[in-house]
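One-letter residues, chain by chain:
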Amino acid sequence: MTTYQMNFNQDFTSLSVLSPTGLRLFSISSQDKVEEIFAKDNTEQIRIVERLFNSSLVVLVTAQKPNCLKMLHFKKKQDICNCFYPSEILCVRMNRQRLIVCLAESIHIHDIRDMKILHSIENIAPNEQGLCALSLNSHLAFPVCQTSGELRIFNASKLRTGMTIRAHDTFLSALAFSPSGALLATASERGTVIRVFCVKNGQRVQEFRRGVSCVRIASLVFSASGDFLCASSNTETVHVFKIDTQAVETVELKAIADVAAKSENSAKEAAASPAAEESSRPVATWGGMFSKAVSSLLLPTQVSEVLAQDRSFATVQLAQGGLKHICALTRVQKEPRLLIACEDGFLYVHEFPADRGGSCKLLSVHDLRGALEDVIELELSESVQGSQTKPSNPLTVTQPSLTMLKSCAASVLIENPDPMQDNSYASILKGDQADAMSDSDKFRKLCDAIDTPTKLYDERQFPPVAITAKD
């Protein structure tokens, strides 16, 4: 049986289908219509595909050059740039601010607007699965231990290391941020329990019981509203869990109270003097009172309820187990839908009863296995040939006009693809029709690929790049 690699974009409005014969991109406009918007032969043996929202920017990694990241403007059939890394690329994550490349023992953070490397996280615990998650507000989560489910949160916007959370006893198999970036869902290699943590203080908010048998979690994703969490595995059942919003609010209030209490304690210690200590009397501070008030909300019985292993809110029974299914909880034409893309090449659209839960009714099935029609040939620029010309720097970005940039103690070699010759009268007068692409041209090219048509982009649901990450 031919296996298809299925992958949704960040807002679940697009689906990539990768097979041994070709790559196809589909737009999901309604439950009855899935439109093909791009197709390409798979002569290069593409193995990783990521599209940035509804933009024209697509990144590819091929089996022929597993350490090379290719950035494409697929609508204009242009190759933007190639990035080379010291080892095989295992995972790529993107939002409107950052592009993350995960290797087995390092993670590289780029500014997606110009592809400059901002930071590299080196010497991490071997991460052979390339497991990592990136939120829309640029929180990055990745495992830091091979023997337990310990993870670290890194602020990729401010480039600051955050807290470490021991999420499970065994190694992690899935990570997912909520759309707001406030919650992080985790699953271990056992796959029996799924946990949700508060990103602000690392406290566990909820715990869900998927089942008693050990399985491999294939997909873990929040709904667009952040109120539900969907998990699929190699079994016949897809589970949807409901997030306890009251428990989330309580934990977030406690995080605010803890920060306030620490701030007041630090101020008191800085202002304290031996004379003042003798004459001082205990005073109730706002931070202390607020912290006690919030803590009183978490009575022992309530704590046990918050941390109880909740069962699924809704389920889908699949026709066949043992296959990889990628899920998405979104709205299609304003109606809540559960999308399930299977490696057999089919997309299943289910009704999602967000008000009552239970079994999700199958509404439509789309066969995405069809032969490639009207294939768009996209010529990708060749990388530097020969071992003697291979870049020796830890991270290299290639284009024909060579420019050396210094960033984060790493040398970045930028080589743009050959520009399209402009034979217009104005260009001939300027005399630059054969010149190589400048850095400003490359910047405009990237911005052009990243920009999303306003009709296809909902700023209320997915804020633009100007969003500021909160600690």
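Note: the structure precedes this text.
Only a predicted model underlies this, so the values are computations on that prediction, with no experimental measurement involved.

About the cut-offs
- Residues numbered from 1 in each chain as written.
- Predicted model: local features only at pLDDT ≥ 70, side-chain atom pairs only at ≥ 80, totals over all residues.
- Heavy atoms only, no water.
- Helix = DSSP H or I, 4+ residues; strand = E, 2+ residues; numbered from the N terminus.
- Buried < 20%, exposed > 50% of the residue type's maximum accessible area, 1.4 Å probe, protein only.
- Contact = heavy atoms within 4.5 Å.
- Areas by Shrake-Rupley, 256 points an atom, 1.4 Å probe, with all protein chains shown as cover.
- Pairing = 2+ DSSP bridges.
- Axes fitted to C-alpha atoms, helices over the stretch in contact; angles between N-to-C directions.
- Salt bridge = Lys/Arg side-chain N within 4 Å of Asp/Glu carboxyl O.

So, about the overall build of the protein chain. Looking only at helices and strands, the protein chain features six helices and 33 strands. Classification of the 471 residues of the protein chain by burial places 51% in the buried group. A separation of at least 24 residues holds for 48% of the contacts in the protein chain among residues at least 6 apart in sequence. Entry remark: accessible area of the protein chain is about 22,400 Å², with carbon and sulfur atoms responsible for 49%.

It is worth spelling out unusual backbone geometry at this point. In this model, Asn 123 sits at a positive phi of 55 degrees, which is unusual for a non-glycine residue. Looking at where Asn 123 falls in the secondary structure, it is placed in the loop between strand S12 (117-122) and strand S13 (133-134). For Asn 123, a relative accessible area of 74% corresponds to the exposed category. Here the phi dihedral of Leu 159 falls at roughly 60 degrees; this positive angle occurs in a residue that is not glycine. Among the secondary structure elements, Leu 159 is positioned in the loop between strand S15 (149-155) and strand S16 (160-168). For Leu 159, a relative accessible area of 31% corresponds to the partly exposed category.

Attention now moves to the environment of Pro 179. Structurally, Pro 179 is set in the loop between strand S17 (172-177) and strand S18 (183-188). Each C-alpha atom of the pair Pro 179 and Ser 135 lies 6.7 Å from the other, and the pair is 44 residues apart in sequence.

Turning next to the sheet that holds strand S2 (residues 14-18). One open sheet holds the four strands; their spatial order is S1-S2-S3-S4, and the pairing between them is antiparallel. Either end of the sheet is taken by a strand with one partner, and the two such strands are strand S1 (5-8) and strand S4 (33-41). When strand polarity is set aside, the average angle formed by the axes of neighbouring strands in this sheet is 20 degrees.

What follows covers the pattern of salt bridges. Any two side chains of opposite charge can pair, so long as their charged atoms come close to each other. Scanning all chains against the criterion turns up eight salt bridges. Between Arg 204 and Glu 207 there is a salt bridge, and its shortest N-O distance comes to 2.7 Å. According to the relative accessible area criterion, Glu 207 is buried, its value standing at 5%. Here the salt bridges share partners, and the residues they tie into one network are Arg 195, Arg 204 and Glu 207.

Quick look at the sheet that holds strand S10 (residues 98-102) now. Hydrogen bonds between backbone groups are what pair the strands of a sheet, and the pairing can be parallel or antiparallel. In spatial order, the strands read S9-S10-S11-S12; together these four strands make up an open sheet with antiparallel pairing. Edge positions in the sheet fall to strand S9 (91-94) and S12, since each has one partner strand and no second. Adjacent strand axes in the sheet meet at a mean angle of 15 degrees when their direction is disregarded.

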